[in-house]
Amino acid sequence: MMVRVAQNKKIDLAIEIAGVKFENPVMVASGTFGYGKEYADLVDLNQIGAVISKTLTIVPRDGHPPLRTFETPSGMLNAIGLHNIGVDNFISEKMKFLRTKKTKVIANIAGSTIEEYVQVAEKLNSAEGLHMLEINISSPNVKKGCMEFGSRADLTYECVKAIKEVSRYPVMPKLSPNVTDIVEIALACQEAGADCISLINTLVGMAIDWKKKKPVLSNITGGLSGPAIKPVALAMVWKVFQKVKLPLIGVGGIMNTTDALEFFMAGATAIQVGTANYVDPQTSVKIVEGLKKYCQENKISSIKELIGMAQPSPT
Amino acid sequence: MVYQTDSPVLENLRLGEDCYKLILKAPKIVDHSWAGNFVHIQVNPFFYPLLRRAFSINEVDRKKGSLEVVFKVIGTGTGHLSRKKKGDTVNLLGPLGKTFSYPDNEDISIMVAGGLGIVPVYFLTRDLLRKKHKGKTYFLYGAKEKDQLYCLSDVKKLPKSKVEILYSTDDGSYGFKGYLDALLKQVLEKEDKNKVKIYACGPEGLLAKLSGLAKEENLFCQLSLEVGMPCGMGTCMGCVVKYKKDYSSPVTFKRVCCEGPVFNAQEVILD
Ligand SMILES: Cc1cc2nc3c(=O)[nH]c(=O)nc-3n(C[C@H](O)[C@H](O)[C@H](O)COP(=O)(O)OP(=O)(O)OC[C@H]3O[C@@H](n4cnc5c(N)ncnc54)[C@H](O)[C@@H]3O)c2cc1C
Ligand SMILES: Cc1cc2nc3c(=O)[nH]c(=O)nc-3n(C[C@H](O)[C@H](O)[C@H](O)COP(=O)(O)O)c2cc1C
Ligand code: FES
């Protein structure tokens, strides 16, 4: 029951960010879609705007011991610890398949130091068929790197700038909600030359096994995702849109078309589907279909008309 | 190939206190399902609970295109499933995971079914019977007490001429009094260990003991593991088990959903 998107010439879902033309504004979020091929039996990747890889590091990582995930009301906690195959294996094993698809390919990268981020970015310069880098400065589950950089404007600036200097691809820093002022971090990205910004990564949370009298996750805390975080993500897109000029890619708890519409109206140019892929692998394709239908019914010829529609008009 | 289907409930049978057998129509999944495979069930479309729930396949009817899952109500997801009625539908992903490696005719198979861990090894046994497997087969079925041998009526239907069935209960209310691993050890004493293939599923404690036993005695033993599985498709990296190929290899993590759920008992670390 692969969902097909109805062809309709009149509705234009295409968007362009930093010269990259996305067939539609629906992407699948890092860490929730593997390296793409895992879902190929179930989802027609040609119908998705972009596939974003699991975070890649300079060498493969094994991640945290079990238990790594736990379901919470309307959400889930995860502390995977960036378990990934490493950038070299991604280039040699995973790109070949992704290249055969119409979807755009975005590599999500991280490191323990800024040098490591730069090394990963440099390696990806040779990956044929890649379109963009997403910079993970926001995962809450590792001791070094990621949120360590993304929670300080000066380190965010340094990290993004260093990657911009070496990468041949447009760069999309991914922001953490676990900060006092996300606008400040977004402005640092803009200043450092980022091409767009994705937000948000997961919120720090935890659960305690009251029977065993200890935390459920081996890492003690984890990142909260799913419908529970949608209002938080939406408010952050809303705020950043008001101060930052870069295109925003909204992510956090998007389960269906109406969730996606809220993000566009708050100011997102595109959206990412994360946890919802686990619930229904077809979610992203269903949203593409739903957006078409919405535009058709409301006589909207281009999805771009929706961006920031709910924002107060400039005075 | 993995399929996603809206599967009608054909029957929901109560097997005992809080235990149910759900029969679902899913022809495409059934066509490709073998013992050890599981299905990932979205219990309802309202995101409550949010994530899918994994269930091993208990039996298939390839002609009817139906499959059975047997489960115990332990929380929200299984609670919802227990209330499904004929004509309701649930969304399935499947078949998922690696299967048991089926025995050859020369092998002596010993099925070790602890509680609801009976599910995948029952499927294996039924499948061997269908394939007219000639090797000797034991079926060891244990639970805390007789009332918790939920699948007793199915097990009793296995042909005694082909399968030697032994029971255990912790309290001695049915069959051997004691734990399943003690019963297994009795069987092992009678058989040539080099020809034995053990297939097991059950509570964590049992599987940990079997893993230890397999390592000590260098036994062929496959375990079907159960852990929480957000995606079931190998993408979230959330379902890992500690793994060590042999004594000289480092400890790594393997995904239970796609690199398992069936593992060689000697290669996993269950603590
Ligand atoms: C491969 C596989 C096969 C299974 N086969 C069967 C079966 O045949 N019969 C049966 O009764 N049960 C089986 N289970 C266990 C079944 O999935 C759980 O009983 C079920 O998820 C409980 O859901 P709940 O919402 O009722 O419980 P809740 O307690 O509300 O939720 C359980 C939550 O914890 C997670 N979780 C934590 N520990 C486990 C664990 N050990 N196993 C599964 N999920 C866990 C679940 O994913 C879920 O998010 C199997 C599990 C796996 C992984
Ligand atoms: C299990 C899991 C693993 C994730 N791994 C990554 C990762 O490797 N890199 C990253 O940038 N974000 C990762 N994320 C965060 C998601 O990409 C997304 O930002 C977040 O889950 C919020 O969106 P959602 O509510 O739609 O899931 C992960 C999320 C989950 C649930
Ligand atoms: S359940 Fe997601 S990788 Fe196994």
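Bear in mind the structure is a predicted one, so any value in this text is a computation, not a measurement. (Residues numbered from 1 in each chain as written. Chains lettered and ligands numbered in written order. Predicted model: local features only at pLDDT ≥ 70, side-chain atom pairs only at ≥ 80, totals over all residues. Heavy atoms only, no water.)

Before we go on, may I ask you to explain the interface of chain A and chain B in this structure?
How big an interface is tends to be stated in terms of the accessible area lost upon association of its parts. On the side of chain B, 27 residues touch chain A, which itself brings 30 residues to the contact. Of the roughly 2,600 Å² buried where chain A meets chain B, counting both sides, 63% is carbon and sulfur surface. Connecting chain A to chain B are 1 salt bridge. At the surface where chain A touches chain B, the tally comes to 8 residue pairs in polar contact (both at pLDDT 80 or more). Among the elements of the structure, strand 5 (69-72), strand 6 (75-78) and helix 8 (276-279) of chain A are those that each provide at least two residues to the side of chain A that touches chain B. (Contact = heavy atoms within 4.5 Å. Buried area = accessible area lost by both parts, 1.4 Å probe. Salt bridge = Lys/Arg side-chain N within 4 Å of Asp/Glu carboxyl O. Polar contact = N/O pair within 3.5 Å; in protein donor to acceptor, adjacent residues only side chain to side chain. Helix = DSSP H or I, 4+ residues; strand = E, 2+ residues; numbered from the N terminus.)

Help me out: how do you make sense of the domain arrangement of chain B in this one?
All names here are of chain B. Annotation of chain B at the domain level lists domain 1 (3-96) and domain 2 (108-269). Each of domain 1 and domain 2 has a C-alpha centre, and the two are 22 Å apart. Taken together, the contact pairs 25 residues of domain 1 with 21 residues of domain 2. In total, domain 1 and domain 2 occlude about 1,900 Å² of area from one another, counting both sides; carbon and sulfur atoms represent 63% of this. The largest per-residue losses of area from domain 1 upon contact with domain 2 belong to Ala 35, Asn 58 and Glu 59, which jointly make up 25% of the total buried on that side. Where domain 1 meets domain 2, there are 4 salt bridges. Taking the shortest distance from any N to any O, the salt bridge between Asp 154 and Lys 21 comes out at 2.8 Å. The tally of links between domain 1 and domain 2 comes to 7 residue pairs in polar contact (both at pLDDT 80 or more). Counting residues per element, the ones that place at least two in the side of domain 1 that touches domain 2 are strand 1 (3-16), strand 2 (19-25), strand 3 (38-42), strand 4 (53-56), strand 5 (59-61), strand 6 (66-72) and strand 7 (89-96). (Domains from an automatic or database assignment.)

Honestly, the site of ligand 1 in this entry has me stumped. Any pointers?
Around ligand 1, 21 residues are found, and the nearest of them are Arg 53, Ala 54, Val 70, Gly 77 and Thr 78 of chain B. This site is not confined to one chain, since residues near ligand 1 come from chains A and B. At 3.3 Å from an oxygen atom of ligand 1 is found a main-chain nitrogen or oxygen belonging to Thr 76 of chain B. Out of a free accessible area of 870 Å², ligand 1 has 80% covered by protein chains. Elements supplying a minimum of two residues to the shell around ligand 1: strand 4, strand 6 and helix 2 (76-82) of chain B. By residue number, the principal contributor to the shell around ligand 1 is strand 4 of chain B, which donates 4 residues. When its residues are assigned to classes, the shell around ligand 1 shows 11 nonpolar, 6 polar and 4 charged. (Near = heavy atom within 4 Å. Areas by Shrake-Rupley, 256 points an atom, 1.4 Å probe, with all protein chains shown as cover. Nonpolar A, V, L, I, M, F, W, Y, C, P; charged D, E, K, R; others polar.)

Sorry, what's going on with empty space enclosed by the protein here?
All names here are of chain A. Taken as a whole, this structure holds 1 cavity of 30 Å³ or more when the rule is applied. Estimated volume of the largest cavity: approximately 470 Å³. Forming the walls of the largest cavity are 33 residues, and the residues nearest its centre are Ser 30, Thr 32, Asn 78, Asn 201 and Thr 202. Where the lining of the largest cavity is concerned, the elements lending two or more residues are strand 6 and helix 8. Across the lining of the largest cavity, the residue classes break down as 13 nonpolar, 18 polar and 2 charged. (1 Å grid on protein atoms, 1.4 Å probe; cavity = no way out; pocket = protein on both sides within 12 Å on 5 of 7 lines; lining within 4 Å. Points joined across faces, edges and corners; volume = space filled by probe spheres on them.)

Sorry, what's going on with the environment of Glu 226 of chain B here?
Within the secondary structure, Glu 226 of chain B sits in the loop between strand 13 (220-224) and strand 14 (240-243). Classification of Glu 226 of chain B by relative accessible area gives exposed; the value is 58%. (Buried < 20%, exposed > 50% of the residue type's maximum accessible area, 1.4 Å probe, protein only.)

Honestly, the sheet that holds strand 3 (residues 26-28) of chain A in this entry has me stumped. Any pointers?
Strands belonging to one sheet form pairs held by backbone hydrogen bonds; the direction of such a pair is parallel or antiparallel. Residues and elements named next belong to chain A. Strand order in the closed barrel formed by 8 strands is 3-4-7-8-9-10-15-16, with parallel pairing between adjacent strands. Along the sheet, successive strands turn relative to each other by an average axial angle of 25°, direction set aside. Note: strand 7 (residues 104-109) against strand 8 (residues 132-136), 4 bridges, orientation parallel. For Ala 107, the partnering residue across the bridge sits in strand 8 and is Leu 133. (Pairing = 2+ DSSP bridges. Axes fitted to C-alpha atoms, helices over the stretch in contact; angles between N-to-C directions.)

Sorry, what's going on with unusual backbone geometry here?
Residues and elements named next belong to chain B. Residues Tyr 48 and Pro 49 are joined by a peptide bond in cis, for which omega reads 0°. Within the fold, Pro 49 resides in the loop between strand 3 and strand 4. Residue Pro 261 follows Gly 260 across a cis peptide bond; omega there is 10°. Examined against the element boundaries, Pro 261 turns out to sit in the loop between helix 7 (256-259) and strand 16 (262-264). The backbone phi angle of Lys 132 is positive, close to 55°, even though this residue is not glycine. With respect to the element layout, Lys 132 can be found in the loop between helix 3 (118-130) and strand 9 (137-143).

What is the right way to look at the confidence of the model for chain B in this model?
Note: predicted coordinates in regions of low pLDDT should not be interpreted at a detailed level. In this model, chain B carries a mean pLDDT of 96, and residues with pLDDT of at least 70 account for 100%. What the predictor reports for the complex is a pTM of 0.96 with an ipTM of 0.95. (pLDDT = per-residue confidence, 0-100.)

Looking at this structure, how should I read the sheet that holds strand 15 (residues 252-255) of chain B?
All names here are of chain B. With respect to topology, 3 strands assemble into an open sheet ordered 15-14-17, the strand pairing being antiparallel. Two strands lie at the open edges of the sheet, namely strand 15 and strand 17 (268-269), each paired on one side alone. In terms of strand pairing, strand 14 meets strand 15 through 4 bridges, oriented antiparallel. Bridge pairing in strand 15 links Tyr 243 to Thr 252.

Just to check I follow, could you spell out the environment of Pro 25 of chain A for this structure?
Residue and element names in this part refer to chain A. Along the polypeptide, Pro 25 turns up in the loop between strand 2 (20-22) and strand 3. Overall, Pro 25 belongs to the buried group, its relative accessible area being 0%. Residues Pro 25 and Leu 291, spaced 266 residues apart in sequence, show a C-alpha to C-alpha distance of 9.6 Å. Not counting residues up to four positions away in its chain, the partners in contact with Pro 25 are Leu 13, Ile 15, Phe 264, Thr 269, Ala 270, Ile 271, Leu 291 and Ile 303.

How do you make sense of the site of ligand 2 when you look at a structure like this?
In the vicinity of ligand 2 there are 24 residues, among which Ser 30, Thr 55, Lys 174, Gly 253 and Thr 275 of chain A approach most closely. Near ligand 2, residues from chains A and B are present, making the site a shared one. Asn 108 of chain A places a polar side-chain atom, nitrogen or oxygen, 3.0 Å from an oxygen atom of ligand 2. One of the backbone nitrogen or oxygen atoms of Gly 274 of chain A is found 3.2 Å away from an oxygen atom of ligand 2. Within the complex, 98% of the 610 Å² of free accessible area of ligand 2 lies under protein. Spatially, ligand 2 is embedded in the largest cavity. Among the residues forming the shell around ligand 2, the class breakdown is 8 nonpolar, 14 polar and 2 charged. (Sits in = over half its atoms within 2 Å of the grid points.)

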